[in-house]
Amino acid sequence: MSDTIPIEDYLAEGGVLSSPDNVPPRYRGELLRLMASFVDSALAGSAGFADTINDAPGIQERISAARIVLEKTDHAGQVLKIMETFGADGGRYAVHHPWAARVSREADIGAARQGGDMRLSVFHYPLNGWLDAVVMNVLMGRASAVQLKELSRVSYQPLADVFRAILPREERHAELGITGLARIVSDEEGRTAARASVAYWYPRVAASFGHSASTRFETQSRFGLRHTSNETLLAQWQAEIDPQLAALRLNP
């Protein structure tokens, strides 16, 4: 990076950083917050989904669920390794929070963080059996893919590389969910239950994109850590998930 250009200008013009040694303090703080949110969400998501594996109706469904749990935990570990280069204690981090802890099913926490970790708000809600887990995985799996496409452009190059490698696997998780959901709605009883689950999870997943006109987005965009507004990402998710739900007659 040139010594004559302010770092915010350099990053705003598409510049990238590649080492903890050349990261300024404010950028470091925002980068660590972004990584912690991803790691905590992945650990909480995998912990919640792990509890539903034994509820799966067949061997293939159990294999798919176990793969999702394994890979989400692995994704958290890959990003945590980058956090370790900034001084995070990876060994302590993974056991520092009760990742399976949840609020009540009836709670309405919006986009607010809860407790001591940085997971997205949607991962504070409990799953209610196998069908509910499949519906949540379909909705949040598609949201994760949208969010990861955005994060793959992050200005910290080692992290961008990890997110680009993770993205195809997260997209596969969403595809596994759609396959499982199609089986569930093959009878009217399953469709009715799935429709109720969609009505529960859809607004909670939507809230995970954050508030419009977010001041944090403005800060992160100056550092090249974000490029697309929360409301635009939400609209992208809706444009992708709504036709899939419509095809299964599950629109909320």
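Our structure's up above, just so we're on the same page.
Each residue is numbered by its place in its chain's sequence as written, counting from 1. Given that this is a predicted model, residues contribute local features only at a pLDDT of at least 70 and side-chain atom pairs are listed and counted only at 80 or more, while totals for whole chains, interfaces and linings are drawn from all residues. Calculation of side-chain values draws on the structure's entire complement of heavy atoms; hydrogens and water are dropped beforehand.

Some details on the environment of Gln78
Part 1 of the argument: Numbering of helices and strands runs from the N terminus; a helix is a DSSP stretch of H or I covering at least four residues, while a strand is a stretch of E covering at least two. Examined against the element boundaries, Gln78 turns out to sit in helix α3 (residues 59-84).
Part 2 of the argument: Note on classification: 1.4 Å probe, protein chains only; a residue is buried when its accessible area is under 20% of the maximum for its type, exposed when over 50%, partly exposed between these limits. Looking at Gln78, the relative accessible area reads 25%, which means it is partly exposed.
Part 3 of the argument: If sequence neighbours within four positions are ignored, Gln78 has contacts with Val162, Ile166 and Arg169. Here, residues are in contact when the closest pair of their heavy atoms is within 4.5 Å.

As for the side chain of Ser208
Part 1 of the argument: The topology assignment puts Ser208 in the loop between α7 (188-207) and α8 (215-222).
Part 2 of the argument: Polar contact is defined as a pair of N or O atoms within 3.5 Å, subject to the rule that within protein one atom must be able to donate a hydrogen and the other to accept it, and that residues adjacent in sequence are counted only when both atoms are side-chain atoms. Within the structure, the side chain of Ser208 is placed 2.5 Å from the backbone oxygen of Val205, a separation counted as a polar contact.
Part 3 of the argument: With residues up to four places along the chain from it excluded, the contact list for Ser208 reads Leu120, Val122, Met140 and Gln147.

Describing the packing of helix α2 (residues 25-50) against α8
Part 1 of the argument: Only the contacting stretch of a helix is used when fitting its axis, a line to C-alpha atoms as for every element, and angles between N-to-C directions run 0 to 180 degrees. As a packed pair, α2 and α8 sit with axes 10 Å apart at the nearest point and diverge in direction by 120°. In this view, α2 runs oblique relative to α8, as classed from their interaxial angle. Pair α2 / α8 crosses with left-handed handedness. From α2, Arg26, Glu30, Arg33 and Leu34 reach across to α8, where they touch Arg216, Thr219 and Gln220.
Part 2 of the argument: Each residue gets one label: Ala, Val, Leu, Ile, Met, Phe, Trp, Tyr, Cys and Pro are nonpolar, Asp, Glu, Lys and Arg are charged, and the others, such as Gly, are polar. Looking at side-chain class alone, the contact of α2 with α8 contains 1 nonpolar, 2 polar and 4 charged residues. Orientation labels follow simple angle bins: below 35 degrees gives roughly parallel, above 145 gives roughly antiparallel, 65 to 115 gives roughly perpendicular, and whatever is left gives oblique. A clockwise turn of the near helix away from the far one marks a right-handed crossing, whereas an anticlockwise turn of less than a right angle marks a left-handed crossing.

Concerning the pattern of salt bridges
Where side chains of opposite charge bring their charged atoms close, a pairing between them can arise.
Part 1 of the argument: Salt bridge, as used here, is a side-chain nitrogen of Lys or Arg placed within 4 Å of a carboxyl oxygen of Asp or Glu. For the structure on display, the rule yields 14 salt bridges.
Part 2 of the argument: Of the charged contacts, one joins Glu61 and Arg183 as a salt bridge, the two residues approaching to 3.4 Å between their closest N and O atoms. In this pair, Glu61 is assigned in helix α3 and Arg183 in helix α6 (residues 157-184), connecting sequence segments 122 residues apart.
Part 3 of the argument: Through salt bridges with shared partners, one network takes in Glu71, Asp74 and Arg169.

Observations regarding the packing of aromatic side chains
The relation between two aromatic rings is expressed through the spacing of the ring centres and the mutual angle of the planes.
Part 1 of the argument: Only centres within 6.5 Å qualify two rings of Phe, Tyr or Trp (six-membered ring in Trp) as a pair; their planes then separate them into stacked at under 30 degrees, edge-to-face at over 60, and tilted for everything else. Following the criterion strictly, the structure yields 10 aromatic pairs and no others.
Part 2 of the argument: Centre to centre, the rings of Tyr125 and Tyr200 are 6.2 Å apart; their planes meet at 85°, and the pair counts as edge-to-face. Note that Tyr125 is positioned in the loop between α4 (90-93) and α5 (129-151) and Tyr200 in helix α7, a separation of 75 residues in sequence.
Part 3 of the argument: By relative accessible area, which is 2% here, Tyr125 ends up buried.
Part 4 of the argument: Taken together, a centroid distance of 5.0 Å and an interplanar angle of 85° make the contact between Tyr200 and Trp201 edge-to-face. Grouping residues by exposure puts Tyr200 and Trp201 together as buried.
Part 5 of the argument: Among the aromatic residues, those joined into a cluster by ring pairs are Tyr125, Tyr200 and Trp201.
Part 6 of the argument: We note Arg204 situated over the ring of Tyr125; from NZ or CZ to the ring centre the distance is 4.8 Å.
Part 7 of the argument: Stacked on the ring of Tyr200, the Lys or Arg Arg204 has its end atom at 3.8 Å from the ring centre. Comment: the charge-over-ring label is applied if NZ (Lys) or CZ (Arg) is within 6 Å of the ring centre and within 35 degrees of the ring normal.

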